[in-house]
Amino acid sequence: MRSAVVCALAFTLTASSLRLVAQSSPAAAADARFRAIPDAKSIGDYMRRLSARPHHVGSAYDKDNAEWMLAKLKEWGWDARIESFTVLFPTPKERVVELVAPTSFRASLEEPAVAIDPTSNQKAEQLPPFNAYSIDGDVTAPLVYVNYGRPSDYEELDARGISVKGAIVIARYGASWRGIKPKVAAEHGAVGCLIYSDPRDDGYFVDDVFPEGPMRNKTGVQRGSVLDMPLYPGDPLTPGIAATPDAKRLDLKDAPTMTKIPVMPISYGDAQPLLAALKGPVAPPDWRGALAMTYHIGPGPARVHMKMTSSFDLKPLYNVIATVPGSAYPNEWVVRGNHHDAWVNGAADPVSGTGPMLEEARAIGTLLTQGWRPKRTIVYTFWDGEEPMLLGSTEWVEQHDEELRQKAAIYINSDGNGRGFFGAAGSHSLEKFINAVVKDVDDPETKLTAWKRWQANRIAGGSAEVKTEARTRADLRIGALGSGSDYTPFLQHNGTATLNIGFGGLDEDGIYHSVYDDFYHFTHFSDTDFAYGRALAQTAGTAVIRFADADLLPYEFTNLADTVQTYIKELQALLKQRQDAVKERNRSIEEGVFAAINDPKRPLKAPQIEDVPPEINFAPLENASTKLTRAAERYRKASDAVRSKLPASPASALQPINARLMQAERQLTDPAGLPRRPWYRHLLYAPGFYTGYAVKTMPGVREGIEEKKYDEAESEVLRLAKALDRETALITSVAADLEKLR
Ligand SMILES: [Zn+2]
């Protein structure tokens, strides 16, 4: 799901050192030697091979790719194997979308081959456009246009007195994760959901369309999963446990993450006749796309018939797992991952990340032949089944949950990669670490380091506050992770400190999850010489090697404490803003403002007086945060002193300290999980229940306020304060032990 990486990058690009290993140590030499090895042409060769044919879950070429990577990894000296799981992966049998009134039109639901693009004609192996994990359905109903289909869009409909009960909704892609659209539509009583790609968002409004340009053409369709990921990702039939062949499975009808209504994706060529047949109110200005017509909301007179049926088969997954055992600390793991499955050929998503990761594996193999051995165990993971819903990574983490809790020190994820600026999101205890790594990577297009270009982009694009901070703070801030790629099970279920990294931001494209995301498109409109693929390999490999070889694990907690403080301020501001908004609206209602401005010819429903949100006691959280800040500062001083004297401290003294540090991120998790979604255990970071990709930080409290569950928000404050206290206790005790080593 490349979108997620793009999301993560967008967050870090628009929102707002210390050397970890002494220069003279062999570790520094290893990561510097590593950076000279990755080769852009090799990355291009892997990408051509991996994207040569469609390779979705269950396809012949998906397995073929896994076996080819397995052989390569073995050739490069890795101990490699395939770990397989058995998962539900429905594929379409019947797909019909037609306008039945006032005129008739039948949607093509096909993406035709483009003559100049050599892989776009591999019809026999392509999955047609569909949304995976839609339930079967055959419905005929009036059509209603719902903009992006977010909860706020339904508030607009309510104000106009428009209901979607018993209707088929048509939503445009974008603004939220696609699975939110059918979920919210079903909550409002819709019986079917169509999702189309409006040219305003990723078509001709932005740039020329494929094959003349990079954008989505009239027939391009975005495939994608609509499983209810914010509840839990992975195989819908085996929540919380690994999908082994003999696992106890839910009945399909009981699987809570399946959609409640049938869902299908369509191109704007297929959507235009349906939208053009709508009457009723004209859509508000920010609902209008770039089709040459007036956008109406409906309902009707357009009536649509949609039929969607699937084969609900179990399919095998092929995760390729490769390890180099640690020479000193074999039970401390540095895990690196990127998925290898795609919706079709997937040169951008995910092969532009898989290719660089393979090159990292080759380069590490080269270091091994030169006699280097990592101190910690390095685990390279090539995931299958990411596109349907993080299947390979989730099942693997569920299978190895206990072992990972003991051994996983870090997980470093990437997905599709492009040309432009570095971006990172993840655990804030790793913020300083990744900043230092990127200072040693060259940006391919400027003579700057990747860090300098990242900083310049922050300064150029940020608010006054962001500009000042980017100029003066030692480390550029990294974003927080919601969901949309394989980091989710590691960070939010297992509690492993996690980073998601990549380059991008300079090239627009509109081929995401279509047959046109292929090698031809990538080599004409993206990182055409694979220079940013090489930069990704250099960045991720440097991070892996430094983490694997560090004497004292390079977590750092002052940036975490600082981030926690900003989140608390955000929550307080959110509550105040909600209170002020309700007070203002109540006052306007009492003054008769809404009645006075209403247009009697196009009346909006009058808003109702509402209770003002109550005060929430944030004091426990503020107190916990103050203590965390103090502990983090104490740890910083103690760890700096120890690092400055390395290697004076013997490994035997540092090993028990490192073992405890590996548990730091897990202090922020709670085995009970988040309210109504226990699979998500991290109390600082989660995908939004109604946003999907986008993160909700301090989700229990934040979503409590947003969803007007104020008692719950108040009790979540206490639970979060306890988690911060656990973190403080761990950091304080480790700092005390480090002080003894000085
Ligand atoms: Zn992806």
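Being a predicted model, the structure only gives us computed values, none of them experimental. (Residues numbered from 1 in each chain as written. Predicted model: local features only at pLDDT ≥ 70, side-chain atom pairs only at ≥ 80, totals over all residues. Heavy atoms only, no water.)

A. Quick peek at the pairing of strand 2 (residues 91-101). Bridge analysis of strand 2 against strand 10 (residues 303-311) gives nine bridges, and the strand direction is antiparallel. When the bridges of strand 10 are listed, valine 97 appears paired with methionine 306. Sheet topology note: the strand 2/strand 3 (residues 105-106) ladder contains two bridges and is antiparallel. Counterpart to glutamate 98 in the pairing with strand 3 is arginine 106. Between strand 2 and strand 3, which pair antiparallel and follow one another directly, the connecting turn spans three residues. (Pairing = 2+ DSSP bridges. Helix = DSSP H or I, 4+ residues; strand = E, 2+ residues; numbered from the N terminus.)

B. Seen up close, the sheet that holds strand 5 (residues 137-145). One open sheet holds the seven strands; their spatial order is 3-2-10-5-6-7-9, and the pairing between them is mixed. The open sheet is flanked by strand 3 and strand 9 (263-266), the only strands paired with a single partner. With six bridges joining them, strand 5 and strand 10 adopt antiparallel strand pairing. Residue pairing in the sheet places valine 139 in a bridge with methionine 306 of strand 10.

C. Structural detail: the sheet that holds strand 12 (residues 329-339). An order of 1-11-13-12-14-16-15 is seen for the seven strands of this open sheet, with the pairing classed as mixed. Edge positions in the sheet fall to strand 1 (79-88) and strand 15 (420-426), since each of these pairs with one other strand and no more. On average, each strand axis in the sheet is inclined to that of its neighbour by 20°, with strand direction left out of account. Pairing between strand 12 and strand 13 (residues 376-383): eight bridges, direction parallel. The partner of valine 335 across the bridge, within strand 13, is valine 379. Most of the contacts of helix 16 (residues 487-494) go to strand 16 (residues 498-505), to which it runs at about 145°, and overall it touches strand 12, strand 13, strand 14 (408-413) and strand 16. (Axes fitted to C-alpha atoms, helices over the stretch in contact; angles between N-to-C directions. Contact = heavy atoms within 4.5 Å.)

D. Structural context of the environment of methionine 229. Among the secondary structure elements, methionine 229 is positioned in the loop between strand 8 (224-225) and strand 9. Of the residues examined, methionine 229 reaches a relative accessible area of 0% and is grouped as buried. Sequence separation between methionine 229 and methionine 293 is 64 residues, and the spatial gap between their C-alpha atoms is 35 Å. (Buried < 20%, exposed > 50% of the residue type's maximum accessible area, 1.4 Å probe, protein only.)

E. Representation of unusual backbone geometry. In this chain, glycine 300 is followed by proline 301 through a cis amide linkage whose omega measures -5°. Within the secondary structure layout, proline 301 lies in the loop between helix 8 (268-276) and strand 10. The omega angle of the peptide bond from aspartate 349 to proline 350 is 10°, so this bond is cis rather than trans. Topologically, proline 350 is positioned in helix 9 (residues 347-369). Positioned with a positive phi, phenylalanine 530 is a non-glycine residue whose angle comes to about 65°. With relative accessibility at 11%, the residue phenylalanine 530 sits in the buried group. Although it is not a glycine, lysine 708 adopts a positive phi angle of roughly 60°. Structurally, lysine 708 is set in the loop between helix 23 (699-706) and helix 24 (710-741).

F. Fine view of the pattern of salt bridges. Counted under the stated rule, the structure contains 55 salt bridges. Aspartate 443 is the partner of arginine 453 in a salt bridge, and the nearest nitrogen-oxygen pair spans 3.3 Å. Separated by 10 residues along the polypeptide, arginine 453 in helix 14 (residues 450-461) and aspartate 443 in the loop between helix 13 (431-438) and helix 14 bring together distant segments of the chain. Both residues of the pair, arginine 453 and aspartate 443, count as buried. The shortest N-O distance in the salt bridge between aspartate 737 and lysine 740 comes to 3.1 Å. Pair noted here: aspartate 737 and lysine 740 are both in helix 24, with a separation of three residues, about one helical turn. Taking relative accessible area as the criterion, aspartate 737 reaches 22% and is therefore assigned partly exposed. Via salt bridges that share partners, Arg419, Asp443, Glu445, Arg453 and Asp507 belong to a single interconnected network. (Salt bridge = Lys/Arg side-chain N within 4 Å of Asp/Glu carboxyl O.)

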